Amino acid sequence: MATLVQSRVDASGAPNNPSGGARPKPVRVLLLLAAAWVLPILTHLVKLDILLLALFWAGVASLLRTGGTLLDRMMVALGISMAGILTGGLLFSLWPWGLHPIPVAGTLFTALIAIGYISNRRPKLPRKVVGSDLVVLGSGFLGWFMLAYPVLGASTARRLQFFLTNHTGDRQRHFTMFDAIHQVGGYTYFDVSHAEKFLAPDFADQYPNGASFFYGFFDIFLRSNTNGGGGVAEYQRYAWLTFLGYGLLVLFVVWGARWIAGPVLRGWKRTLILTAVGVYLSTGMMMHLAFDGFDSEVLGLAGLAYGIAVLARFPNRPLEQTLAVMSAMIIVAFTYQLFVPTLAAGALVSLWVYRKRLLPKWRGMATIVVLAAPIALFPVVIPHLLNSALAEGNQFALDGFFRRYPRTVLIGVVIAILVAYALRRATRRSTAMVAMGGQLVAATVVLFGLAMYQWRVIGHTGYYFEKALHGWVIVVLMGTGVVGLMFRGDRTGAAKVRSQGWSGRLRTVGVNGLAAGLALVMAGGLAWGTPTYATGRPGPDTTWARMYAWGKFQTTIAEWVPPLYNTGTMNDHKRTLAAVSDSGWSNGLMSIQYSIQNHDLGWLYTTAMDMVKSQPQKFAGKELEWGEMDAVTWDWTGNLVYLIKQNKEPLRIVVFTPSIYRELRAAVQSTPGSKTELAYYPNVKGLPESAMEKQNPKDNPANGSGKPDSRDPGQPDSKDQGDTPDSRLDTPTPTPTGGAQRGTVGR
């Protein structure tokens with residue numbers, strides 16, 4: 001059974017010898033090399049460079065021999081292509097042309113031609129497609145659509161408001177890395193001084209660039225332009241790309257579940273399991289990673305899912321498997337290093353399970369590992385080289401906001417998997433299923449080890465445990481194919497169905513349709529009645545997707561975005577601060593929004609630092625753990641008055657509230673030669689109700705400088721939400737909510 005299952009994974013009929021016969025003549029190679037550079041020039045002239053990425057992906061797939069179906073081949077190639085782009089970025093960041101599509105694409109195509117010539121492989125793609133391809137591709141589309149449809153056709157103001165779901169400003173700071181990569185033409189590690197203008201402190205040399213680089217790379221080819229353009233348009237494009245990133249995660253997980261289960265899971269059972277996994281990811285709690293702005297984690301999980309798939313099951317092609325595994329390691333290391341231990345532990349398991357198959361090719365495998373390992377280590381090591389004072393410390397003991405993942409459903413799924421392994425001999429005899437069981441055990445051991453560490457250091461599990469739990473959930477979902485083996489179903493194959501004519505095909509379609517409907521219900525993808533929302537979570541009979549579409553997860557601070565946009569001040573490249581709310585952090589977050597759209601976040605943080613340093617008595621004894629930007633929001637208006645008197649450069653402050661305007665106007669009038677412009681809009685369209693002063697201005701002069709509870713938390717039940725840095729993996733950045741709490745960009 002094990003031999004049968006493993007051999008059928010690669011049903012392309014291609015022999016294990018990858019040789020394509022005689023090598024092509026030198027003239028043909030020269031013609032291909034010429035085409036590799038002429039084609040990018042032509043596509044760039046007509047602004048269709050995005051076709052080059054599709055061609056590169058297809059080229060990688062054509063040189064592989066893994067995967068009996070077209071989708072399987074393309075998915076294996078997709079992971080390798082992503083790692084190739086991230087790796088190529090190291091070169092592109094150093095040469096003088098940056099990320100310009102012509103030299104980048106020409107180099108990528110030249111590399112493909114060289115690899116094909118050296119390996120003597122000619123382009124070849126399988127033609128086979130199967131019905132479950134629709135489930136896999138449909139799941140990826142659903143993952144994107146559930147995030148995108150609330151703002152499809154919406155106005156710019158509405159989109160900007162909706163994209164600001166998280167009150168910690170995570171998406172804003174992730175966007176600045178995306179913007180900085182456009183500006184410097186590559187990874188920020190190589191041009192820290194230039195990149196610092198666009199980023200929060202320490203991001204340029206410490207924050208992993210992988211996710212933002214990948215999105216920025218795609219954006220450049222999509223627009224055929226290395227210039228990111230205006231901040232408002234660029235910010236919207238970035239948000240759309242992150243939605244595509246989540247769709248990519250769903251695609252990898254559902255495909256991985258099918259790939260691991262192999263041909264023993266087929267028919268309606270395959271449809272049931274794959275649809276349930278896709279619906280759960282597209283409508284359940286996991287989607288909060290996308291709308292909360294945890295963008296690096298999403299791509300890190302995609303890399304983890306790809307890695308688990310190729311570790312658990314692979315045809316007898318050790319070199320291609322090693323290349324795929326190391327590609328997954330590069331993706332995870334460049335995006336979200338917290339999942340590296342899970343992937344590494346899984347690799348050790350697969351080395352043992354497949355040791356007899358892999359041993360004859362150990363020299364070639366070792367060569368691939370030796371070449372790829374330094375690349376995977378680069379984003380781990382480079383921050384220490386750029387900052388010798390950087391220390392890991394109690395990294396995994398850091399705490400922060402998170403949405404606690406429900407344990408009950410996970411326990412049920414794990415029990416079902418254990419029962420399947422216990423009752424079905426096929427699972428125990430299949431090498432792939434044994435390897436997948438090893439992946440589950442390895443992921444559990446890593447998670448348990450982190451829990452033990454946190455219990456010992458801080459007395460409870462916290463932020464990093466919840467983040468690691470997301471990776472464990474992905475591994476569990478990819479192992480659910482074994483559950484389908486417990487069901488007895490139609491054992492007739494595709495040939496038998498075709499022989500029965502239209503009646504057999506219609507019956508097959510009907511049965512699979514019923515299985516998909518059952519999966520929709522089982523995975524909790526249906527919402528009934530009026531949606532309810534309580535304690536930061538959807539109520540009964542309501543999905544996370546529906547609550548997200550209704551804006552229930554959106555921070556109340558986002559209410560200020562439409563009126564600010566309606567003033568016409570959000571995209572004119574003037575340095576601007578906001579003083580529109582009685583909440584200090586609301587003003588701080590809106591000022592961050594202005595700065596990122598003006599490509600100038602570094603100036604805002606520098607200004608906050610200067611205000612703190614120049615007022616030592618005011619900030620003496622104050623907690624500055626989360627940075628100066630956090631500190632100045634405690635007395636936002638008072639600090640703006642101080643800034644007005646010290647400011648020597650053109651500056652605009654947007655104001656809605658009469659009392660705040662009067663206080664700032666007095667400061668401007670008392671400062672000879674003031675460079676500060678007050679833009680007062682008391683009647684701008686779209687003002688939220690909170691903009692109306694509910695008390696005598698004399699009773700509220702400080703604008704958020706009173707007790708901590710006077711600062712609007714900006715989101716209901718905020719204690720259960722947010723994100724924090726990965727310390728060395730991410731530097732703490734100030735984003736207060738509710739006073740003493742923190743929330744920062746999560747990796």
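## Let's talk about the overall build of the protein chain
The helix and strand inventory of the protein chain stands at 34 helices and five strands. For the protein chain, the residues scored as buried account for 58% of the 747 residues in total. In the protein chain, 79% of the contacts between residues at least 6 apart in sequence involve partners at least 24 apart. Here the protein chain displays about 29,800 Å² of accessible surface, and carbon together with sulfur accounts for 64% of that area.

## Topic: the environment of Gln593
With respect to the helices, strands and loops of the structure, Gln593 is situated in helix H29 (residues 584-597). Along the sequence, Gln593 and Val232 sit 361 residues apart, while their C-alpha atoms lie 9.6 Å from each other. For Gln593, the residues in contact, after removing those within four places along its chain, are Leu160, Leu164, Gln172, Tyr235 and Met570.

## Some thoughts on the pattern of salt bridges
As enumerated under the stated definition, the model contains eleven salt bridges in all. Note that Arg258 is salt-bridged to Asp133, the shortest N-O span being 2.6 Å. Of this pair, Arg258 sits in helix H12 (residues 231-261) while Asp133 sits in helix H6 (residues 132-148), and the two are 125 residues apart along the sequence. Notably, a salt bridge pairs Arg171 with Asp295, separated by 2.8 Å at the nearest N-O pair.

## Some points on the environment of Lys675
Turning to its location among the elements, Lys675 is positioned in the loop between helix H34 (658-669) and strand E5 (676-680). Residues Lys675 and Gln646, spaced 29 residues apart in sequence, show a C-alpha to C-alpha distance of 9.6 Å. When sequence neighbours within four positions are dropped, the list of residues in contact with Lys675 reads Asn647, Lys648, Glu649, Pro650 and Leu651.

## Comments concerning helix H30 (residues 601-613)
Between the first and last C-alpha of H30 there are 19 Å, a value that for 13 residues agrees with the 18 Å anticipated at 1.5 Å per step. Those residues of H30 that fall on the buried side of the exposure criterion are Leu601, Gly602, Trp603, Leu604, Tyr605, Thr607, Ala608, Met611 and Val612.

## Digging into the packing of aromatic side chains
Evaluated as defined, the whole model comprises 36 aromatic pairs. Members of the aromatic cluster, each reached through a chain of ring pairs, are Phe92, Trp95, Trp97, Tyr187, Tyr189, Phe190, Phe213, Phe217, Phe221, Phe334 and Phe378. Of note, Lys467 hangs over the ring of Phe294, and the distance from its end group to the ring centre comes to 3.7 Å.

## Structural notes on the nonpolar core
Phe217, Tyr246 and Phe252 are the most contacted members of the largest nonpolar core, which totals 213 residues. Ranked by residue count, the leading element in this core is H12, at 20 residues. Tyr246 has contacts with Gly143, Leu147, Leu281, Met286, Met287, Ala290 and Val298, leaving out every residue within four places of it along the chain.

## Here's the deal with the sheet that holds strand E4 (residues 651-655)
Taken in spatial order, the three strands of this open sheet run E3-E4-E5, and their pairing is parallel. One side of each edge strand has no neighbouring strand; the edge strands of this open sheet are strand E3 (576-579) and E5. The mean angle between the axes of side-by-side strands here comes to 25°, regardless of whether they run parallel or antiparallel. Two elements, E4 and E5, share five bridges in a ladder whose sense is parallel. Considered in E5, the bridge of Ile653 is made with Leu678. Strand contacts of H29: E3 and E4, with the helix running at about 155° to E3, the strand carrying the most contacts.

## Thoughts on the side chain of His470
Tracing the chain through its elements places His470 in helix H23 (residues 463-478). The exposure class assigned to His470 is buried, which follows from its relative accessible area of 3%. Ignoring anything within four residues of it in the chain, the contact list for His470 reads Met286, His288, Leu289, Glu297, Leu301 and Tyr405.

## Focus: unusual backbone geometry
Even without glycine at this site, Lys47 takes up a positive phi of about 55°. Structurally, Lys47 can be placed in the loop between helix H2 (26-45) and helix H3 (50-63). Taking relative accessible area as the criterion, Lys47 reaches 54% and is therefore assigned exposed.

## Quick notes on the pairing of E4
Among the five residues of E4, five are classified as buried, and the element is accordingly described as predominantly covered. Burial along E4 is two-sided: Leu651, Ile653 and Val655 and Arg652 and Val654, pointing in opposite directions, are all buried. Both E3 and E4 contribute to a ladder of four bridges, which runs parallel. Within E4, the residue paired with Leu577 across the bridge is Ile653. In terms of handedness, the path from E4 via H34 over to E5 forms a crossover that is right-handed.

## So, the confidence of the model for the protein chain
The share of residues in the protein chain with pLDDT of 70 or more is 84%, and the mean pLDDT across the chain is 84. In this model, residues 1-18 is a region of pLDDT below 50 whose contacts with residues beyond four sequence positions or in other chains number 39 contacts. Confidence drops under a pLDDT of 50 for residues 693-747, and excluding neighbours within four residues, the segment shows 213 contacts in the predicted structure.

## Comments concerning a nonpolar patch on the surface
On the surface, a cluster of nonpolar side chains totalling about 650 Å² of accessible area is made up of Val38, Ile41, Leu42, Leu45, Val46, Leu48 and Leu51. At four residues, H2 tops the list of elements feeding residues into the nonpolar patch. Here Leu45 is to be found in helix H2. The exposure class of Leu45 is exposed, given its relative accessible area of 66%.

## Looking at the packing of helix H16 (residues 318-335) against helix H19 (residues 362-386)
As a packed pair, H16 and H19 sit with axes 9 Å apart at the nearest point and diverge in direction by 5°. In terms of orientation, H16 and H19 fall into the roughly parallel class. Mapping the contact onto sequence places Pro318, Leu319, Thr322, Leu323, Met326, Met329, Ile330, Ala333 and Phe334 in H16 and Gly364, Met365, Ile368, Val369, Ala372, Ala373, Ile375, Ala376, Phe378 and Pro379 in H19. A class-by-class count of the residues in the contact of H16 with H19 yields 17 nonpolar, two polar and no charged.

## Concerning the packing of helix H22 (residues 431-457) against H23
In the contact formed by H22 and H23, the axes pass within 10 Å of each other and the chain directions differ by 170°. In terms of orientation, H22 and H23 fall into the roughly antiparallel class. Counting all contacts with H22, which are made through Met436, Gln439, Leu440, Ala443, Thr444, Leu447, Leu450, Ala451 and Gln454, the residues of H23 involved are Tyr464, Phe465, Ala468, Leu469, Trp472, Val475, Val476 and Met478. Each residue belonging to the contact of H22 with H23 can be placed in one class, and the counts come to 14 nonpolar, three polar and no charged.

## Here we look at the environment of Leu199
Summarising the element assignment, Leu199 is placed in the loop between helix H9 (192-195) and helix H10 (203-206). Taking the relative accessible area as the measure of exposure, Leu199 reaches 2% and is therefore buried. C-alpha of Leu199 to C-alpha of Gly602: the two residues are 403 residues apart in sequence and 5.2 Å apart in space. Beyond its immediate sequence surroundings of up to four residues, Leu199 is in contact with Thr176, Met177, Ala180, Thr188, Ala204, Leu601 and Gly602.

Criteria and cut-off values
- Residues numbered from 1 in each chain as written.
- Predicted model: local features only at pLDDT ≥ 70, side-chain atom pairs only at ≥ 80, totals over all residues.
- Heavy atoms only, no water.
- Helix = DSSP H or I, 4+ residues; strand = E, 2+ residues; numbered from the N terminus.
- Buried < 20%, exposed > 50% of the residue type's maximum accessible area, 1.4 Å probe, protein only.
- Contact = heavy atoms within 4.5 Å.
- Areas by Shrake-Rupley, 256 points an atom, 1.4 Å probe, with all protein chains shown as cover.
- Salt bridge = Lys/Arg side-chain N within 4 Å of Asp/Glu carboxyl O.
- Expected span 1.5 Å × (residues − 1).
- Phe/Tyr/Trp six-rings, centres within 6.5 Å; stacked < 30°, edge-to-face > 60°.
- Lys NZ or Arg CZ within 6 Å of the ring centre and 35° of its normal.
- Core = buried A, V, L, I, M, F, W, Y, C linked by side-chain atoms within 4.5 Å.
- Pairing = 2+ DSSP bridges.
- Axes fitted to C-alpha atoms, helices over the stretch in contact; angles between N-to-C directions.
- Right-handed = clockwise from strand over helix to strand, strands pointing away.
- pLDDT = per-residue confidence, 0-100.
- Patch = residues over 30% accessible without salt bridge, like charges linked within 9 Å, V, L, I, M, F, W, Y side chains within 5 Å.
- Parallel < 35°, antiparallel > 145°, perpendicular 65-115°, else oblique.
- Nonpolar A, V, L, I, M, F, W, Y, C, P; charged D, E, K, R; others polar.

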